[in-house]
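# Commentary on secondary and tertiary structure
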Amino acid sequence: MALIPGKIKVFCALGFAANAGLSLSVLFNPAFPQEPLAHWLEVSLIPLSLIVLPLYLLGYLVWGNTLLLLSTLLNLFVWVSSEKVISLSPLWGSLGVAVLGYFYWRRFENQAHFAQEALEELLAEGRGLVKRSSNFVTERQVLSRKMRRYSLLKEATDAFSSELELRGVSQGVVEWTQKIFGKEGSVLLYLLDPVKESLALYASRLPEGGPTIKEKRGDICDAWLMKERRALMISDLNKDYRFTGAKFFGRRPGFRSLVSAPLMVEDQFLGILRINHPEKEYFTQDDLRVLDIMGDLAAVAVQNANLYARTEELAITDGLTGLYVVRHLMERLEEELARAKRHGGDVSVVLCDLDHFKNYNDRYGHVAGDLLLQRVAQVLRECVRPGDVLARYGGEEFVVVLSGQVKEARRLAERIRARMEETVLDIRGQQTGITLSAGVGSFPQEAYSRDELLRVADKRLYKAKSAGRNQVCSE
């Protein structure tokens, strides 16, 4: 109210003066209604007072209620003590002032109330803006984290495409997974052994001081994922109904939450990519989605590495027997001789040839001959030691390279000869078999180079053939 301009106060004072003057004239001058001045006051001041008095009420609201009370009592006194009708005008003027003043007061009160509500709405809107701003900052941080993850996924894709060795791919998968997630957890990569049809831990990244991984072939969670073949997230192992009461090889598991994704190429299951953490509710659905994408990238990389290994294997192995081809045999023999020269060891060669193989082919056919060659390769694998080199040297000739002196090589050759003599192959209901002859040479006693060593073994093979076949010659 203190904001009411000073001009309004002046009008209020004039209205009070007109009202008070009219009331005093009626009170102290009984002949007032018949005088010309009274008529002028009646037609001029009374309407003027009725117009100005509302402004006077505003002055009352500013100054207090003293003037209004005085004016009202004065008009009331004039009306009671005089029978002049003119005296009603000041009274009704004052009453009009009071009524109009009340409505104006209510109007100002409503405006103040509306102003307060508007202020509260502005404050609420301001708080909403602050909250939305905070949410915007949070969403921006989340978006930034997602963009960083997807950028790292692209870099991981480029890195996988440049790596062809399975060991390098596996190590790269766990390293990039840990880099993308940036979480303090154990990253594990299990690959499927197609022969044993079981999982094997191929690569891992463990936090410092974290629990060791004892389940090298996976646990019940991995068995579930192998069966379902879809991504898995466990927020709290103790509350997950799928694994409640599950036994982890008689030990307490070293994790409370995990995310895991299968490595799938079309319908082929290749392995599992998994992250463990000791805290519950550590992972989010976004973590699971990103890991699932990483699993797809890893699956393609593993598949490419397997295909590369298979291509490389086909390049150095015989398509029929699966043994090394001559080119790779020569490379490996050179390596073994170089190692023996550096460290002073012995290297021996056993050269084997099937007896009368041409006759066998002519009698039973080339298909039967191929089956026989495959069976010979199987016998050789069963007889040699791990680390020995097996190769198909020609049509029906085979070579074994082993570390050891000529006596050890002769014992191996005799074992191979005896096994082949006992081997029976069923061809169209007929029991067939074949024998072989072998020649043995040794480095450094009998030869000092690769070609010389093979010539010594070949001469002794020819000697065994000339002596009647199905025998071993080492001298």
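The present account deals with the structure reproduced in this document. (Residues numbered from 1 in each chain as written. Predicted model: local features only at pLDDT ≥ 70, side-chain atom pairs only at ≥ 80, totals over all residues. Heavy atoms only, no water.)

### Focus: the packing of helix H8 (residues 326-343) against helix H12 (residues 450-466)
The description of two helices packed together rests on the angle between their axes and the distance between the axes. As a reminder of what qualifies: What counts as an axis is a line fitted to C-alpha atoms, over the stretch in contact for a helix, and the angles between N-to-C directions run from 0 to 180 degrees. Here a strand is any run of E in DSSP of at least two residues, a helix any run of H or I of at least four, and the numbering for each starts at the N terminus. Orientation is classified from the angle alone, with under 35 degrees giving roughly parallel, over 145 giving roughly antiparallel, 65 to 115 giving roughly perpendicular, and any other angle giving oblique. Only heavy atoms matter for contacts: two residues are in contact if any of them lie within 4.5 Å across the pair.
The N-to-C vectors of H8 and H12 enclose an angle of 105 degrees; their axes lie 10 Å apart at closest approach. Classified by the angle their axes make, H8 and H12 are roughly perpendicular. Only Arg450, Leu453 and Leu454 of H12 make contact with H8, whose side of the interface consists of Met330, Leu333, Glu334 and Leu337.

### Points about the packing of helix H5 (residues 166-181) against helix H7 (residues 285-316)
Stated formally: Note: crossing handedness is left-handed where the near helix turns anticlockwise from the far helix by less than a right angle, and right-handed where it turns clockwise. Three classes are used: nonpolar for Ala, Val, Leu, Ile, Met, Phe, Trp, Tyr, Cys and Pro, charged for Asp, Glu, Lys and Arg, and polar for all others, with Gly counted as polar.
Where H5 contacts H7, the axes come no closer than 10 Å and their chain directions differ by 165 degrees. Taken together, the axes of H5 and H7 are roughly antiparallel relative to one another. Here H5 runs over H7; the crossing is right-handed. Mapping the contact onto sequence places Leu166, Val169, Val173, Trp176, Thr177, Ile180 and Phe181 in H5 and Asp287, Val290, Leu291, Met294, Ala298, Ala301, Val302, Ala305 and Asn306 in H7. Of the residues in the contact of H5 with H7, the class split is 13 nonpolar, two polar and one charged.

### Comments concerning the sheet that holds strand S12 (residues 472-473)
Keep this limit in mind: By this definition, two strands are paired if DSSP reports at least two bridges between them.
Pairing in this open sheet of five strands is mixed, and the strands run S7-S8-S6-S11-S12 from one edge to the other. Each having just a single partner strand, strand S7 (389-392) and S12 make up the two edges of the open sheet. Pairing geometry for S7 and strand S8 (residues 397-403), over four bridges, is antiparallel. Of the residues in S8, the one forming a bridge with Leu390 is Val400. The strands touched by H8 within the sheet are strand S6 (347-354), S7, S8 and strand S11 (436-443), with S6 carrying the most contacts at an inclination of about 155 degrees.

### Observations concerning the layout of surface pockets
Formally: Grid spacing is 1 Å over the protein atoms alone, the probe is 1.4 Å, and a cavity is where that probe fits but cannot get out, while a pocket is an open set with protein on both sides within 12 Å along at least five of seven lines and lining residues have an atom within 4 Å of a point. Grid points are joined across faces, edges and corners, and a volume is the space filled by probe spheres set on the points.
Taken as a whole, the largest pocket encloses approximately 320 Å³ of empty space. Leu191, Leu192, Asp193, Pro194 and Asn306 are, among the 13 residues lining the largest pocket, the residues nearest its centre. Those elements that provide at least two residues to the lining of the largest pocket are strand S1 (186-193), strand S2 (198-205), strand S5 (268-277) and H7. Residue composition of the lining of the largest pocket, by class: nine nonpolar, three polar and one charged.

### Comments concerning the pattern of salt bridges
Working definition: two side chains of opposite charge can pair if their charged atoms are close together. Spelled out, the test is: The salt bridge criterion pairs a side-chain nitrogen of Lys or Arg with a carboxyl oxygen of Asp or Glu, the two atoms within 4 Å. A simple rule labels every residue: compare its accessible area, found with a 1.4 Å probe on the protein chains alone, to the largest value its type can have, and call it buried under 20%, exposed over 50%, or partly exposed in between.
Within this structure, the stated rule accounts for 25 salt bridges. Measuring nitrogen to oxygen at the nearest pair gives 2.9 Å for the salt bridge that ties Asp219 to Arg274. Residue Asp219 is found in the loop between S2 and helix H6 (220-228), and its partner Arg274 is found in strand S5; the two are separated by 55 residues along the sequence. According to the relative accessible area criterion, Asp219 is buried, its value standing at 7%. The exposure class of Arg274 is buried, given its relative accessible area of 2%. A single network of salt bridges, built from pairs that share partners, joins Arg332, Glu335, Glu336 and Arg339.

Such coordinate-based values are descriptive only and should not be taken to indicate function.
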